[in-house]
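Coordinate inspection notes
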Amino acid sequence: MGTYLSTPVLEKHTERGSDLSDSQTPVRWAVVDMQGWRKSMEDAHVARTDVPLPHCCRESSGGGGAPNNNEENSTLTTFTTSSTRAKVFAVFDGHGGAEVARFCQMHLVPTLTSHAHWDSTKEKKAGASDINNNNGMTQN
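Residues numbered from 1 in each chain as written. Predicted model: local features only at pLDDT ≥ 70, side-chain atom pairs only at ≥ 80, totals over all residues. Heavy atoms only, no water.

Here we look at the environment of Glu-11
For Glu-11, the position within the fold is in strand β1 (residues 4-19). Expressed as a C-alpha distance, the spacing of Glu-11 and Gly-36, which sit 25 residues apart in the sequence, is 8.4 Å. Ignoring sequence-local partners within four residues, the contact set of Glu-11 consists of Asp-33, Met-34 and Gln-35. (Helix = DSSP H or I, 4+ residues; strand = E, 2+ residues; numbered from the N terminus. Contact = heavy atoms within 4.5 Å.)

This is how it looks when you write it as structure tokens:
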């Protein structure tokens, strides 16, 4: 029957987590997956509550998440917060193969946090060539 099974695998796998230590943005989360008709699980997910905040969102004037227009770059809006970590949640559908879903699962957070706009130490070094730098991911 090709990439499909003759009967679906109905067993569900559940993963739960929480980060209640951050009083500004406490969160509880859960993800449930089921293989279904496919020969193997092809989907992947990211649930991270420990990602360092991007440079633009780190506390600058102590507010509680209110927008703070950045005078240096009028297209960039910053949010002041007492939170020290970003929360990143994503689901990647395998669409007939697990390879891309797993790649995205492994590389999403490192790609985000290595971007010049996320890390202020890289911001000054960023040049026009960095706009097309996609850490091994291809664009069509």
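Concerning the side chain of His-45
Secondary-structure assignment places His-45 in strand β3 (residues 44-52). Side chain to side chain, His-45 and Glu-15 meet in a polar contact 3.0 Å long. Excluding its chain neighbours within four sequence positions, the residues that come into contact with His-45 are Glu-15, Val-31, Ala-90, Val-91, Phe-92 and Gln-105. (Polar contact = N/O pair within 3.5 Å; in protein donor to acceptor, adjacent residues only side chain to side chain.)

Some words on the environment of Gly-17
Tracing the backbone shows Gly-17 in strand β1. Spatially, the C-alpha atoms of Gly-17 and Trp-29 are 5.4 Å apart, while their sequence positions differ by 12 residues.

A short note on the environment of Asp-119
Its place among the elements puts Asp-119 in the loop between α1 (98-114) and α2 (120-123). With relative accessibility at 23%, the residue Asp-119 sits in the partly exposed group. On a C-alpha basis, the gap between Asp-119 and Cys-56 in space is 8.9 Å, while along the polypeptide they are 63 residues apart. (Buried < 20%, exposed > 50% of the residue type's maximum accessible area, 1.4 Å probe, protein only.)

Observations concerning the nonpolar core
Side chains that are nonpolar tend, in soluble globular proteins, to be buried together. The biggest cluster of nonpolar side chains holds 13 residues, and the ones touching the most others in it are Val-46, Val-51, Ala-86, Val-88, Phe-92 and Val-109. Secondary-structure elements contributing two or more residues to this core are β3, β6 (85-92) and α1. Top element by residues in this core is β6. It accounts for 4 residues. In this structure, Val-109 is in contact with Val-46, Arg-48, Val-51 and Val-88, ignoring residues within four places of it in sequence. (Core = buried A, V, L, I, M, F, W, Y, C linked by side-chain atoms within 4.5 Å.)

Considering the confidence of the model for the chain
Summary statistics for the chain give a mean pLDDT of 77 and a share of 66% for residues scoring 70 or more. The low-confidence segment residues 61-71, where pLDDT is below 50, has 22 contacts with residues more than four positions distant or belonging to other chains. Predicted confidence is poor over residues 128-132, with pLDDT under 50, and the contacts of this stretch with residues over four places away or in other chains come to 1 contact. (pLDDT = per-residue confidence, 0-100.)

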